[in-house]
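Spelled out from the first residue to the last, the chains are:
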Amino acid sequence: MRKILSSDTVRLLIPALSLTILLIAVFYLQPRAMSYIGLNLLFNLAVPIALATIAQMLIMTVNDLDLSMGTFVSFVACVAATFLQATPALGTLILAAAVATYAALGVLIHVRNLPSIVVTLGMSFVWGGLAVLILPAPGGQAPEWVRALMISKPPFAPMAIIASIIIALVSHFLIMRSSFGVILRGVGGNARSVERAGWSIIGARAATYALAAVFAILAGISLVGLTTSADANIALRYTLLSIAGVILGGGEFTGGRVSPIGAVIGALTLTLAGSFLSFLRISPDWQIGAQGAILIVVLGLRLLLNRLERREKRA
Amino acid sequence: MTDEPQRHAVIEVADARVSFGAVKALDGVSVKIMPGECVGLVGHNGAGKSTIVNVINGGLTPHSGTISLSGTAAVRYGIGTARANGVRCVFQELSLCPNLTVIENTRIMHQTLTGWGWRRRAAAIIGAKLDEIFPGHGIDVASPVSHLSIAERQMVEIATAFSHVAQPVRLVILDEPTSSLDASLATQLLAYVRSFVAAGGSVILISHILGEILTTSDRIIVMKDGRVVAERPATEFDEHSLVAAMGSVVKGRDIAKTIKPTHGLQPLLTAAERRGKGLSFQAFSGEIIGLAGLGGHGQTDMLVDLYLSHTSNWMNGRAPRVTFVAGDRALNGVFPLWSILKNLSIAHLSGLSRRGGLLDDTGEAALGQSWKDRIEIRTPDVDNPILSLSGGNQQKVLFARALATPAPAVLMDDPMRGVDIGTKQEVYAILRDEAHKGRTFVWYSTEMDEVCLCDRVYVFNNGAIVAELKGEDVTEKNILAASFMGAAA
């Protein structure tokens, strides 16, 4: 029996479908959104969210969870709006130290066999505190080049769309196609067999965490590029948004089953859901609840599809 | 590989000793594997087969003893060294990453598959090897492992181990490779093993199917209790002499067992034939029934099924019909953060609660004290944390947990793993005592001595009950014969 769709395709189907349906609904409610400017406005805040989602997805690939994603992105945004703008060398050094810290966290979590959620929850206070120390009050200024990049107007498609596609392709290549990504996903799938094959699990974890930090740093910098200034609490909701984005995009909490393209689509869907609810004139008081309802519907659909797939396999 | 002028052993392990706590897993084992031979390794549960395999593949460093490769002693022998010298292992429990494709799993096993086009190269390597070992296998190498059947996964794992990427494959350890393959696939594999050996490679074959061992190996090593007890060319063995070599010298039996007449009695627990083959299961009041056979041949599944079919998911009444003593203490036995008393009383909470759902504290304390005295849990106070006890005493608490319930039947999933001999004797006495009072015990054990204590024994092989032994027939010899020679796969 030859299957028409591979499981990876099925995994991507639901997020792609839900994004399309939401997009059609938005266009129906607000036809003016169907333009270069409109699309850019709808999606430009999705770029940092998509990057943070990829970072979270990397952590989830090795069966961990990062609860400090929001505060870390806020911290990076503060660094980007101050040090990176005023003294680029020092700013780069601070960010490099942050990447090294993430790698060390990965090693610590593995060596001491600690639950990642506890370690990262603790770290979220550290990052939050550092962000407040750097920028006690909202302020700072985005580096010129970041600002220029984020408001650039490439031909054919708005920056937000092109950036999302690039993020999706680069992370897909890195995690799904490269031989390095196989090891990362192998650690999530069956760490013991990866170890028996002679790989260093510590090294793989450290690399995963460092790579996640790199994506989170890109998220923080691009966020500052959009908002022009930073605030210590600027990205707190990213923690949950990024987890929701991964799950929405077909990823799973354990087992190394992730999909970078899906994660980016998930981030876009979450961003669009907010706009969609505004267009529906739902009061902001109800928006979070309505966003939750959208999540539940999409995840319910996925469960249904998984069950169908399993039944087909048994048949 | 051609024969070198001086023929060195591929690997030689000399006088290896490994102990886990009080248990001596390897007690001075020396094994020498020459190029171009297939060595069969047999022994019952706990004989030390898996431990010596782990020593050879570098996963476990022996506490004493030397390992030499091609005649030179290895200084720091680990997984890396083993792989670099062409030692590969196919494990009994499947060890592929289910979320990755066959190609990607090949990449995990072979570090040198990197750079552009690694997917194409990996697909070619694994595809060719699968075709070579299992012609007509029908496995799509681009599909994720989770979509493959158990037999297909086993085939992939075997093919990965035999595939030559950077270093030549010199020694492949096959641990029960045919357990999930059907007869024709097993024949293909064994034929491949012979051709691999003929080309100068070496294989260590572990199997419970003695026929395979006898026909495929050049030399057979028999292990028992962490020692090599026999090592001879395969031609000098037959099935009976192998089984005899695995058993111990005959020992005196302390208790003469009486076969209780069971005709006309209503069985307490019953179960139909497993997977529609073999014998059915019956347990009568006051019996101690052993489930024997090699580990992982369906005994635990049987216990779990018995438990689930006699309890309910939702409402368990005040009088449960069965209770369970878990084998893996850390996994599903103790509550590590709780006190000894709470660990003991958890199964009997419904009996200890008063109307209104509140717990009867004095009743609970009295229960704890009475069991502490009765089975001699060595602690000054039952309110101490459970982890303050030694493993054997923790296991006693788990026994008390089960015995404190009014359930007439107790199911035990190899509960004596890693328990010292003194504690074992105490628990055996308690079991006998309780059985006299009419309780029924269903006892899966991987240790021969324990199985021989039972009134009646069901021997498992490949998920089915293949033999029922009663009273005086419950002997090591009969059990070994049934578990190795029963239903050949």
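Chains are numbered independently. Their residues run from 1 in the order of the written sequence. Starting at A for chains and at 1 for ligands, labels are handed out in the order in which the entities are written. Whole-chain, interface and lining totals are the exception, using all residues; otherwise, since this is a predicted model, local features are given only for residues with pLDDT of at least 70 and side-chain atom pairs are given and counted only at 80 or more.

Helix and strand labels come from DSSP, where a helix needs a run of H or I of at least four residues and a strand needs a run of E of at least two; each type is numbered from the N terminus. What chain B contains, in helices and strands, is 17 helices and 18 strands. Against the globule reference of 23 Å for 489 residues, chain B gives a C-alpha radius of gyration of 25 Å, in line with a compact fold. Considering only C-alpha atoms, chain B reaches an extent of 80 × 50 × 45 Å along its principal axes. Among the 489 residues that make up chain B, the fraction classed as buried is 45%. Partitioning the intrachain contacts of chain B with sequence separation of at least 6 by distance along the chain shows that 70% fall at a separation of at least 24. We compute the radius of gyration over the C-alpha atoms and compare it with the globule rule, which gives 2.2 Å times the number of residues raised to the power 0.38. Three exposure classes are used, all based on how many other C-beta atoms lie within 10 Å of a residue's own C-beta (placed from the backbone): buried at 20 or more, exposed at 12 or fewer, and partly exposed between those limits. Contacts here follow a simple rule: the backbone-placed C-beta atoms of the two residues must lie within 7 Å.

Predicted coordinates in areas of low pLDDT are best not read in detail. Residues and elements named next belong to chain B. Predictor confidence is given residue by residue as pLDDT, running from a minimum of 0 to a maximum of 100. Mean pLDDT over chain B stands at 83; residues scoring 70 or higher make up 91%. The secondary-structure element of chain B with the lowest mean pLDDT is helix α10 (residues 329-332), recorded at 75, while strand β8 (residues 202-206) shows the highest, at 93. Under a pLDDT of 50 for its full length, residues 1-5 has, in the predicted model, 4 contacts with residues more than four places off or in other chains. Note on residues 249-253: pLDDT is under 50 here. Beyond four places in sequence and across chains, it has 0 contacts. Across the predicted assembly, pTM comes out at 0.79 and ipTM at 0.86.

So, about the sheet that holds β8(B). The strands making up a sheet are joined through hydrogen bonds of the backbone, oriented either antiparallel or parallel. Residue and element names in this part refer to chain B. The strand order β6-β7-β8-β3-β9-β10 describes an open sheet built from 6 strands, whose pairing is mixed. Of all the strands in the sheet, the pair left with one neighbour each is β6 (87-90) and β10 (227-233). Averaged over all pairs of adjacent strands, the angle between strand axes in this sheet comes to 15 degrees, irrespective of strand direction. If DSSP finds at least two bridges between two strands, the strands pair. Relative to β8, strand β3 (residues 38-42) runs parallel, the two sharing 4 bridges. When the bridges of β8 are listed, L41 appears paired with I206. Against the sheet, helix α5 (residues 150-162) touches β6 and β7 (171-175), its axis set at about 175 degrees to β6. Lines fitted to C-alpha atoms define the axes, with helix axes restricted to the stretch in contact, and inter-axis angles between N-to-C directions lie between 0 and 180 degrees. Sitting on the sheet, helix α8 (residues 239-246) touches β3, β9 (219-224) and β10, and the angle it makes with β9 is about 30 degrees.

Attention now goes to the sheet that holds strand β15 (residues 409-413) of chain B. All names here are of chain B. In spatial order, the strands read β14-β15-β16-β13-β17-β18; together these 6 strands make up an open sheet with mixed pairing. Two strands lie at the open edges of the sheet, namely β14 (322-325) and β18 (464-470), each paired on one side alone. The average angle at which neighbouring strand axes cross in this sheet is 20 degrees, direction not considered. In this structure, β15 lies alongside strand β16 (residues 440-444), joined through 5 bridges in parallel fashion. Looking at the pairing, L411 lines up with V442 of β16. Seen against the sheet, helix α14 (residues 391-403) touches β14 and β15 and runs at an angle of roughly 175 degrees to β14.

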